[in-house]
Each structure stands twice: as structure tokens, then as C-alpha cells.
Amino acid sequence: MSARAPARFATEAQARAAAAAFDMRALPEGFTDNPFPWYHALREHAPVRRMPDGAVFLTRHADLVAVYKDTRTFSSDKKQEFSPKYGDSPLYEHHTTSLVFNDPPYHTRVRRLIAGALTPRHISAMEPLLVALVDRLLDELAERGEADLIDHYAGAIPVEIIGNLLGVPREERGPLRAWSLAILGALEPVLTPEQASSGNAAVREMLGYLEGLVAERRRQPGDPDSDVLTRLIQGEQDGERLSEAELLHNCIFLLNAGHETTTNLIGNSLNALLEWPQEKARLLDNPGLIRTAVEEFLRFESSNQLGNRITTEPARVGDVELEKGTRITLCIGAANRDPAVFAQPDQLDITRQPNRHLAFGSGPHQCVGMQLGRLEGVVAVSRFLARFPRYALAGAPVRGGRARFRGFLHLPVRLEG
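Residues numbered from 1 in each chain as written. Predicted model: local features only at pLDDT ≥ 70, side-chain atom pairs only at ≥ 80, totals over all residues. Heavy atoms only, no water.

Participant: Quick one: what's the story with the pairing of strand E5 (residues 306-311), residue by residue and with numbers?
Facilitator: Judged by how many residues are buried, E5 sits mostly within the fold: 6 of 6 residues are covered. Of the two faces of E5, both are covered, the one formed by Leu-306, Asn-308 and Ile-310 as well as the one formed by Gly-307, Arg-309 and Thr-311. Sheet topology places strand E3 (residues 74-75) next to E5; 2 bridges connect them, and they run antiparallel. In the sheet register, Ser-75 faces E5, and the bridge partner there is Ile-310. By the bridge criterion, 5 bridges tie E5 to strand E8 (residues 327-331) in an arrangement that is antiparallel. Bridge pairing links Leu-306 to Cys-331 in E8. (Buried < 20%, exposed > 50% of the residue type's maximum accessible area, 1.4 Å probe, protein only. Helix = DSSP H or I, 4+ residues; strand = E, 2+ residues; numbered from the N terminus. Pairing = 2+ DSSP bridges.)

Set out below in C-alpha cells:
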């Protein structure tokens, strides 16, 4: 069984010192494995923490909600921030073209196209295929006896689902996970030369692959009611179509966003149940709690820990005045453990209600695929527990080593029924 890491510093003096020294561009040792002591220290002692480079780091739930809702003052457009980081590169072109890093009207138009294929009706229709996929993977796990839950289970599920949505042939899905990890890894606060090189290579390779896929779909369109790629190609009947570059980069965004966060949700959930065996027992005794459990997993170990905005005019957050052009980091992982909103925030409680977590963001930029992600989490975790209720670690879990996306690279387990 995993040992639970402490969620707070041992003394208030340590917490104050940690908050005063915190710098996203020079993260302290141990932060990516267990960021929660720093999150608590910052929220209590420096909730609007000004970084040495002038950026600010927000950790209170109420401050994040306010920023999310005010899209006029707090912009999602990343051109100003990403230009010095990436230069003239494939990574810059990708991240400044994708849905998530843009403002209306472009964001509104692209989001509407994607959301049309992710309605409750469409998601409900995906469930039988999802169940069949999960059961097939569970059969394969049973044959292994021991397995890496990331490589052999959590990472395989969203690749198949998003691959189906975009109509990627199954035999061509092999490189998707590595491409995704490389491109999203380049979003870390400090970009290493290795991350830049692998991220740019991954964008180039994905663009090359998608050009052929789009060309084929233009020749043979799918059903726009369920095929996201066909919807993006055809556009709205009364609206403007995406340019070729916009189309390709938003396909990359869909593949990456739908893959990474869901992989982390499933892996984090199954690891959390090992660390909180009393909650695992409650869920085994009452499988009907799975939906509230998934919401709690999303809160407790948010797949996406950080978001970003930039001020378009002078603004105020808490008691801190921000000048125009201030870069802001929204700490979702800290807001989701804010005691002002969540009782006993460091306790995993699979019956927690209400649960106003921000794992999917809030406001107009709230995750367009959140209902699909929830369904994948519900099916993957519930059916795994039903099949292997006595699963246990078979080695040390390996975290991804990233600040923005919290998940595992490896989670070795023994599978026992």
C-alpha cells in the first residue's frame, strides 16, 4: 500500500518561509511529487504571490472563479506570453492556434463546432463501445497478473476514445501518446532545450500525419453528427470554416487534451484508493457511489493543476493591484483544497457533496469534453474495481515529474480478484 505524503508543512514558520521563497521558475525539490504543502502555505500566507519575474500565482478558490468568469480583463490569448518562450516554432504555432489558448470570437466558434459532437446524447451513445473497450483491456490485464496501470490501462482508454471521435484508424494510433506527452510537456513553467526539441518534433510529426487524415476525410466525409473531424472540416452551415492550420492544430489539441487528462484521472483515482483503503472499501461496498467518487478524485488529485491568464487592463485580485500585461498562473490544485470551500480538504471523501471543484475550470473556458472525461473515469474505475477488488502495488509508482499535469508515468500493480 502507498504511504500518504504529508499535505502541509510541519510548522507555520516553515510554511511562511516556503510561501515567501516560492518561484514557479525555480521549483523546490519534491514539489512535483507532492505540491500540496506549498499550495497550503501559499494560500494561507501569500494567496496572490508575486513571482520574481513579475507574474502572479493564485491559490484561493474564490480568486480563480473570479478570474475565470471575467474573460474581458483576464485573457486566455497566449501570443504575448509564448512568443519569447517558443520563438518562431511549431510549438508556438500550435499553442497559439488551439482552442484553449484563445479568446472569443475564435474560441467561441471552434468550441461550438467541437461541442456539437459531444452532446449528452452523443456521449451516452459512446458508452457501450467504452464498456467493451474497458472489458477487453481488463481481460488482457487478467492474463498478465501484474501490469503497469498507465501503459496497459489508463493510457490506452482515452487514446481509443479520442481516436474514434476523430476517426484515426486503430492501427495508426501507436505514436499518439508519445506525441501528446512531448507537446504538453513543453507547457511546463521552464522549457528545457530537450523539451523544446521533442515538443517541436512532435508537432511536426502530428501535422504531417493529420494532413493525410484530413485529406482522406475530405474525400470521404464521416457523419458530422458524431465525427468531430468531419464537423470541423465542414464548419457551421451559416458560419466561417476553419483555415487548414486552425483545423490541424485543433485536432492536435483534441488528441492531447482528451488523452492526458483522462489518463491522469484514471491513474490518480486508482492510486488514491490504494492510499485511502477505507474509501476503497466504501466504494466496493456501495458501487453506486462511483459518480461522486469520480468528482472527488478530480478534486483531490486534479489532472490539470495549473491554468494561465494575462491581464488586458489594470486589475485587482484580492488586495493586490495588477498592471496591464500581468501573467497569472491559476493554481487549480490549490483551489481544490481550499478549506474555505471544502471541509477537511486533504481528506479523500468519496461521498463529498457539494463538490465545487475546478478540475475542469469554470466560465466560458470550462472543459468542452468534461462529460466525456467523467464517463471514462466512471466506467474505467468502477469496472476495474469490480474485476480486481484486491489489487495492490507491485513496485514504486513513478510520477510524471511535471507541475502542470499531475499523473503517473508508471503505476505497477498486482491484479487480484
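This is not the end of the story, as more comes after the structure.
Participant: I'd love a proper account of unusual backbone geometry, names of residues and values included.
Facilitator: Between Pro-104 and Pro-105 the backbone carries a cis peptide bond, its omega angle lying at 5°. Looking at the element boundaries, Pro-105 is found in the loop between helix H5 (90-95) and helix H6 (106-115). A cis geometry characterises the amide bond from Gln-353 onward to Pro-354, with omega recorded as -10°. With respect to the element layout, Pro-354 can be found in the loop between helix H16 (332-335) and helix H17 (370-387). The phi dihedral of Gln-344 is positive, around 45°, even though this residue is not glycine. Tracing the sequence through the fold places Gln-344 in the loop between H16 and H17.

Participant: So what's going on with the sheet that holds strand E4 (residues 146-148)? Which residues, and what values?
Facilitator: With antiparallel pairing, 3 strands are arranged side by side in an open sheet as E4-E12-E9. The sheet is open, and its two borders are formed by E4 and strand E9 (392-393), each paired with just one other strand.

Participant: Explain the sheet that holds strand E1 (residues 48-50) to me, and be specific about the residues and the numbers.
Facilitator: Taken together, the 5 strands give an open sheet; going across it, the order is E1-E2-E8-E5-E3, and neighbouring strands pair in mixed fashion. In this open sheet, the two strands that pair with only one neighbour each are E1 and E3. Across 3 bridges, the pairing between E1 and strand E2 (residues 56-58) is antiparallel. For Val-48, the partnering residue across the bridge sits in E2 and is Leu-58. Seen against the sheet, helix H3 (residues 61-69) touches E1, E2, E3, E5 and E8 and runs at an angle of roughly 125° to E8. (Contact = heavy atoms within 4.5 Å. Axes fitted to C-alpha atoms, helices over the stretch in contact; angles between N-to-C directions.)

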